[in-house]
Amino acid sequence: MKPIPMAAAIAQPGPHDLALSGCWTARGIGAIEHRLESVRLSANTPAIADGAAIEALDSSGAWVLQKLLLRLRDEGIVVTLRGLRPEFSRLLEAVAQQVAEQVARPAPAASTPPSVIAGIGQSAVAAFEQAAALLGFVGEAAFAFAQSVVHPGRFRWRPILYNIRTAGFDALPIVGLLSFLLGIVVAYQGASQLRQYGANIFVADLVGLSMLREFAPLITAIIIAGRSGSAYAAQIGTMAVTEEIDAMRTIGIAPMELLVLPKIIALVIVLPLLTVFADVLGVFGGMIMARTQLDVGFGEFLDRFSKAVSITSYVVGIGKAPVFAVIIAVVGCFQGFRTHGGADSVGRQTTRSVVQSIFLVIVADALFSIAFSVLDL
């Protein structure tokens, strides 16, 4: 049988002598730490450490031995190590050189908070990098969509239908309720002013134009950004943290085709339909408030509504919805793919996806307003 190696040991046969033995390795030095602390030699007197009985030495044991020698040197004791095998001596010299370099290396200067100008510059650089990354992500999504158009068999219809249900049908209650309440609020706020001038019937103009052109597509996009956009970022972010996306790439599945395109396509389909639903509920809320506050019946309201609201206003509102859908889906998926680390990163990127989606939707709506004003639509 192969003999079991002895653990590292240290003895003190004399007041100026140390005897080292056993295996000074990662396995053998576990029980000697407390013994090293108790080693005491006479100060200002040369001492000798005999290492001839050391059977094995690795970097861990060499580091522990070097630590002992440095402690004794700091106490004013010059220790001469003799009897070591040549290979052990070379390893101990390498460890001693590494320790000396670490001691000589200057400590890093304490970080000072950046100035206001430096902070603004760093924020601008980070924003520019994120905008460039988002633009690249849009290009990847567009390329993947073009490939799917060329090869229609690459479309994932089951995920598309699933996202249509979750982002569209399941969102009907909240979209309908908030649109209905928004129609009531718009009619109620305008009622007091219209009543003063005897222009009660014009509440149909107010509710119809505001809901169909602006409020219905905007409130629907904001609801979907908070509801579905955040879900997209959380889902993809969790998959990124758990390395499921890397596993998909390993087995040959393109994450862009499976995770991103179905969400974009589904949202482009359902957001215009949700906007129509919001138009109907918002106008219905305004009709109820007009009858309650202004004594404008449903028939009168609808008659004036058909004259005041043109098909152009209706199409303008519906036309914004696909653009808003692309913004929400792309930003949500983009922030999900940027998730790294742990669960805190998932929450952080989800929050960013909602904030950036709503911000970009409002910016896009403002640009639409300017363009429609220039085109006189």
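Below or above, wherever it landed, is the structure these notes cover. The model shown is predicted, which means the values in this text are computed figures rather than measured ones.

When its secondary structure is counted, the protein chain shows 12 helices and 4 strands. The C-alpha atoms of the protein chain give 37 Å as radius of gyration, which overshoots the globular expectation for 377 residues (21 Å, by more than 25%). Projected onto its principal axes, the C-alpha positions of the protein chain cover 115 × 50 × 35 Å. By the burial criterion, 40% of the 377 residues in the protein chain qualify as buried. Of the contacts formed within the protein chain by residues at least 6 apart in sequence, a portion of 81% connects residues at least 24 apart. Carbon and sulfur atoms form 66% of the exposed surface of the protein chain, whose accessible area is close to 20500 Å². Side-chain charges of the protein chain comprise 27 positive and 27 negative groups, with the mean position of each set lying 3 Å from the other.

Now for the environment of asparagine 200. The residue asparagine 200 is located in the loop between helix 6 (172–196) and helix 7 (203–241) in this model. In contact with asparagine 200, other than residues within four places in its own chain, are Leu194, Arg195, Leu294 and Val296. Only 3.2 Å separates the side chain of asparagine 200 from the backbone oxygen of leucine 294, close enough to count as a polar contact.

A separate point is the pattern of salt bridges. Under the criterion given, the structure shown has 7 salt bridges. One salt bridge in this structure joins glutamate 257 and arginine 154, with 2.4 Å as the shortest N-O distance. Of this pair, glutamate 257 sits in helix 9 (residues 255–294) while arginine 154 is found in the loop between helix 4 (116–150) and helix 5 (157–167), placing the two residues 103 residues apart along the sequence. For glutamate 257, a relative accessible area of 8% corresponds to the buried category. On the basis of relative accessible area, arginine 154 is assigned to the partly exposed category, the value being 32%. In this structure, arginine 165 engages aspartate 170 in a salt bridge whose closest nitrogen and oxygen atoms are separated by 3.5 Å. Each member of the salt-bridge network shares a partner with another, and the members are Glu214, Lys320 and Asp365.

A few words on the sheet that holds strand 1 (residues 9–14). Backbone-to-backbone hydrogen bonds join strands into a sheet, with any given pair of strands oriented parallel or antiparallel. Taken in spatial order, the 4 strands make up an open sheet running 1-2-3-4, and their pairing is mixed. Edge positions in the sheet fall to strand 1 and strand 4 (79–82), since each has one partner strand and no second. Taking each pair of neighbouring strands and ignoring which way they run, the sheet shows an average axis angle of 20°. Relative to strand 2 (residues 17–24), strand 1 runs antiparallel, the two sharing 4 bridges. Counterpart to isoleucine 10 in the pairing with strand 2 is leucine 20. The strands that helix 2 (residues 59–74) touches are strand 1, strand 2, strand 3 (47–57) and strand 4; relative to strand 2, the one it contacts most, it runs at about 165°.

The next point concerns the packing of aromatic side chains. Each pair of aromatic rings is reported with the distance of its centres and the angle of its planes. Applying the stated criterion across every chain yields a total of 8 aromatic pairs. Ring plane angle 20° and centroid distance 5.6 Å describe the contact between phenylalanine 368 and phenylalanine 372, whose orientation is recorded as stacked. In this pair, phenylalanine 368 and phenylalanine 372 both sit in helix 12 (residues 343–374), 4 residues apart, roughly one turn of the helix. The burial state of phenylalanine 368 is the same as that of phenylalanine 372; both residues are buried. What links up through ring pairs into an aromatic cluster is the set Phe137, Phe334 and Phe337.

This paragraph deals with the nonpolar core. For soluble globular proteins, the rule of thumb is that nonpolar side chains tend to be buried together. Core analysis: the largest hydrophobic core is formed by 64 residues, its most contacted members being Val203, Leu267 and Phe301. The element contributing the most residues to this core is helix 9, with 15 residues. Once residues within four sequence positions are removed from consideration, valine 203 is found in contact with Ala187, Leu194, Ala290, Leu294 and Phe301. Core analysis: the second largest hydrophobic core is formed by 25 residues, Ile10, Leu57, Val64 and Leu68 among them.

The rules we used
- Per-chain numbering applies: the sequence of each chain, read as written, is numbered from 1 onward.
- For a predicted model such as this one, the threshold for reporting local features is a pLDDT of at least 70, and the threshold for listing and counting side-chain atom pairs is 80 or more; totals across whole chains, interfaces and linings nevertheless cover every residue.
- The side-chain figures draw on all heavy atoms in the structure; neither hydrogens nor water molecules are used.
- Here a helix means four or more residues in a row that DSSP labels H or I, a strand means two or more in a row labelled E, and each is numbered from the N terminus.
- For a compact globule the rule gives 2.2 Å times the number of residues to the power 0.38, and the radius of gyration it is set against comes from C-alpha atoms.
- Partly exposed describes any residue whose relative accessible area lies between the buried limit of under 20% and the exposed limit of over 50%, with all areas from a 1.4 Å probe on protein chains only and scaled to the type maximum.
- By definition, residues are in contact when any of their heavy atoms lie within 4.5 Å.
- Using the Shrake-Rupley algorithm and a 1.4 Å probe, accessible areas are obtained, with residue cover drawn only from the displayed protein chains.
- Positive charges are assigned to Lys and Arg, negative charges to Asp and Glu, while His and the chain termini are left out of the count.
- To locate a charge, take atom NZ for lysine, CZ for arginine, CG for aspartate or CD for glutamate.
- Within 3.5 Å is the distance limit for a polar contact, defined as a pair of N or O atoms, with the added protein rule that one can donate a hydrogen and the other accept it, and that residues adjacent in sequence qualify only through two side-chain atoms.
- Any carboxyl oxygen of Asp or Glu that lies within 4 Å of a side-chain nitrogen of Lys or Arg is treated as forming a salt bridge with it.
- Paired strands, as defined in this entry, are two strands with at least two bridges between them according to DSSP.
- Lines fitted to C-alpha atoms define the axes here, with helix axes fitted over just the stretch in contact, and angles between the N-to-C directions of these axes take values from 0 to 180 degrees.
- Centres within 6.5 Å are what make two rings of Phe, Tyr or Trp a pair, Trp counting through its six-membered ring; a difference in plane orientation under 30 degrees is then read as stacked, over 60 as edge-to-face, and the rest as tilted.
- Here, the term nonpolar core denotes a set of buried Ala, Val, Leu, Ile, Met, Phe, Trp, Tyr and Cys residues that are joined through side-chain atoms within 4.5 Å.

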